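Notes for the structure review
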Amino acid sequence: MPAEIPKNSPVRELESLRIARAETPKRRSRIMPAAIAIVVIVALTGVGYEVYLRTLGRPPEVQTATVIMRTAGQPGVMLTGSGYVVTRHKYISVGTNVVGTIVAEPIEEGMLVHKGQLLAKIDDRNYVGLLNQAIADRDLAAANVKLDLAQAKRLRALRAEKVVSQDDLDQTENKLAVAEASLERANAAIYSAKYFISQCVITSPINGIVLSKYHEIGDNINYGGQTMAGAGVFDIAQLADTEDMRAEVDINESDISRIAMGTPASVIPDSYPDQSYEARVVKIYPAADRQKGTVKIEVHILKPDLTIIKPELSVKVTFLAAAAKQQTSALVIVPKKAVVGEGKETAVWIVRDDHATKASVILGKEFQDGFEVQQGLEGGETVIVVPPTNLKDGQAVTPTSA
């Protein structure tokens with residue numbers, strides 16, 4: 001055994017100064033980092049490809065619509081416009097020609113009235129008194145005529161025998177003429193008094209609805225009386241004719257050629273969107289509005305519900321194409337914006353299995369919601385609305401509903 005080195009030996013001191021060498025670490029494997037890198041690269045590649053498919057690599061997005069089938073005989077929509085309910089005679093102001101105090105007025109705004117129904121009554125006692133006076137004057141004048149006629153007959157006979165002078169006969173004839181004139185004046189006074197009495201009873205000249213009434217019981221109608229705006233001094237009420245309710249609408253002058261007398265229409269009140277009323281075009285105004293570029297049209301509402309249809313009510317008027325009597329098959333309607341080209345080059349783009357195919361079509365009538373397709377489509381196809389100009393036949397597309 002080697003001898004033990006003393007603690008104070010210089011050799012032991014050198015040993016203490018020696019630096020301990022670290023143990024050599026084991027070499028790590030390079031396989032694991034490479035595998036991780038490959039997984040990351042594959043994942044990033046997949047994400048990038050997915051992003052590419054959703055952006056640059058995605059087929060162009062197009063808006064699509066379905067070609068519809070319209071039942072045979074069902075009219076198509078040509079135009080739609082907004083307007084208001086009016087009446088044939090617009091509004092009628094009913095009044096009187098006499099002055100006096102209103103003693104009865106059994107009407108209110110919004111009330112339906114019939115022809116001949118009482119609207120108001122004016123105190124007629126003054127006019128009844130004038131009638132009685134005129135009747136008395138007539139009786140007096142008739143008595144005078146009878147007396148003067150008898151005198152004239154006698155004097156004519158005496159004059160023929162030359163018993164009386166011509167001057168006496170002339171005076172008697174003149175007296176008879178004055179009496180006859182007084183009788184006629186009395187008869188005229190009776191007629192006038194009766195007319196004034198009739199004017200004291202104001203009745204409705206039409207079947208209609210009361211829009212406004214201008215007086216109340218006790219009001220005095222006189223030349224200096226104050227009335228509501230738009231009413232005359234002697235006006236009692238304003239009526240609307242309910243026998244011929246109409247809707248008035250402005251149509252663009254470029255579309256007026258599509259409207260004719262008798263064109264069917266439907267009227268839908270804005271306040272009752274679930275109610276629809278059949279109508280017919282009965283009036284096309286002869287002049288257009290230069291500033292608005294429109295022509296006014298009136299349609300007659302055939303069977304209006306007067307509890308709903310009221311004057312000045314805002315409505316939507318839809319003009320319909322009359323269904324052809326000989327039409328037995330359904331119409332194929334394609335949206336207007338799906339049609340490209342003109343004439344023989346007219347076509348649409350059909351989407352099948354997410355690919356666009358161009359198809360030639362032959363169009364017929366034009367409706368508001370599209371064109372009639374006489375040849376090229378059968379209905380139910382999905383077509384591209386406003387197709388891109390660079391679209392190619394057979395190109396993949398991403399359809400979305402228009």
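Worth saying up front: this structure is predicted, and the values here are computed from it rather than measured.

**Here's the deal with helix α3 (residues 125-160)**
Between its first and last C-alpha atoms α3 spans 52 Å; for 36 residues at 1.5 Å apiece the expected length is 52 Å, and the two agree. Of the residues making up α3, those classed as buried are Tyr 127, Leu 131, Ala 134, Ala 141, Val 145, Asp 148, Ala 152 and Leu 155. Note on α3: the residue one or two positions beyond its end, Lys 162, has a positive phi of about 60°.

**As for the sheet that holds strand β6 (residues 112-113)**
Reading across the sheet, the four strands line up as β4-β11-β9-β6 and stay open at both edges, with antiparallel pairing between neighbours. A strand with exactly one partner marks an edge of an open sheet, and here the two such strands are β4 (91-95) and β6. Judged from the two bridges that link them, β6 and strand β9 (residues 208-213) form a sheet pairing that is antiparallel. Paired with Leu 112 across the two strands is Ile 209, which belongs to β9.

**Comments concerning the pairing of strand β21 (residues 370-375)**
Relative to β21, strand β17 (residues 331-334) runs antiparallel, the two being bridged by two bridges. When the sheet's bridge partners are listed, Ile 333 is paired in β21 with Glu 372.

**Looking at the sheet that holds strand β10 (residues 220-221)**
For sheets, the rule is that strands pair by backbone hydrogen bonds, running either parallel or antiparallel. The strand order β8-β7-β5-β10 describes an open sheet built from four strands, whose pairing is antiparallel. Each of the sheet's edge strands pairs with one partner strand only, and the pair in question is β8 (201-203) and β10. Inspection of the sheet shows strand β5 (residues 100-104) paired to strand β7 (residues 118-122) by two bridges, in the antiparallel sense. The residue bridging Ile 102 from the neighbouring strand is Ile 122, located in β7.

**Overview of the side chain of Thr 87**
With respect to the element layout, Thr 87 can be found in strand β3 (residues 76-87). The exposure class assigned to Thr 87 is buried, which follows from its relative accessible area of 0%. The contacts of Thr 87, once residues within four sequence positions are left out, are Ala 240, Asp 241, Asp 244 and Met 245.

**Digging into the packing of aromatic side chains**
Tallied over the full model, the rule gives two aromatic pairs. Relative to Phe 196, the ring of Tyr 127 lies with its centre 5.5 Å away and its plane at 45°, an arrangement referred to as tilted. Residue Tyr 127 is found in helix α3, and its partner Phe 196 is found in helix α4 (residues 166-199); the two are separated by 69 residues along the sequence. Using a relative accessible area of 27% as the deciding quantity, one classes Phe 196 as partly exposed. Considering the side-chain rings of Tyr 195 and Phe 196, the 5.9 Å spacing of their centres and the 55° angle between planes classify their relative orientation as tilted. A connected cluster of aromatic rings, assembled from ring pairs, spans Tyr 127, Tyr 195 and Phe 196.

**Some remarks on the environment of Ala 120**
Positionally, Ala 120 belongs in strand β7. For Ala 120, a relative accessible area of 0% puts it in the buried group. Along the chain, Ala 120 and Ala 237 lie 117 residues apart, while their C-alpha atoms are 9.0 Å from each other. Leave out the neighbours within four places in its chain, and Ala 120 touches Ala 104, Glu 105, Pro 106, Cys 200, Val 201, Ile 202 and Ile 236.

Quick notes on the rules
Residues numbered from 1 in each chain as written. Predicted model: local features only at pLDDT ≥ 70, side-chain atom pairs only at ≥ 80, totals over all residues. Heavy atoms only, no water. Helix = DSSP H or I, 4+ residues; strand = E, 2+ residues; numbered from the N terminus. Expected span 1.5 Å × (residues − 1). Buried < 20%, exposed > 50% of the residue type's maximum accessible area, 1.4 Å probe, protein only. Pairing = 2+ DSSP bridges. Contact = heavy atoms within 4.5 Å. Phe/Tyr/Trp six-rings, centres within 6.5 Å; stacked < 30°, edge-to-face > 60°.

Keep in mind that these numbers describe shape and distance, not what the molecule does.
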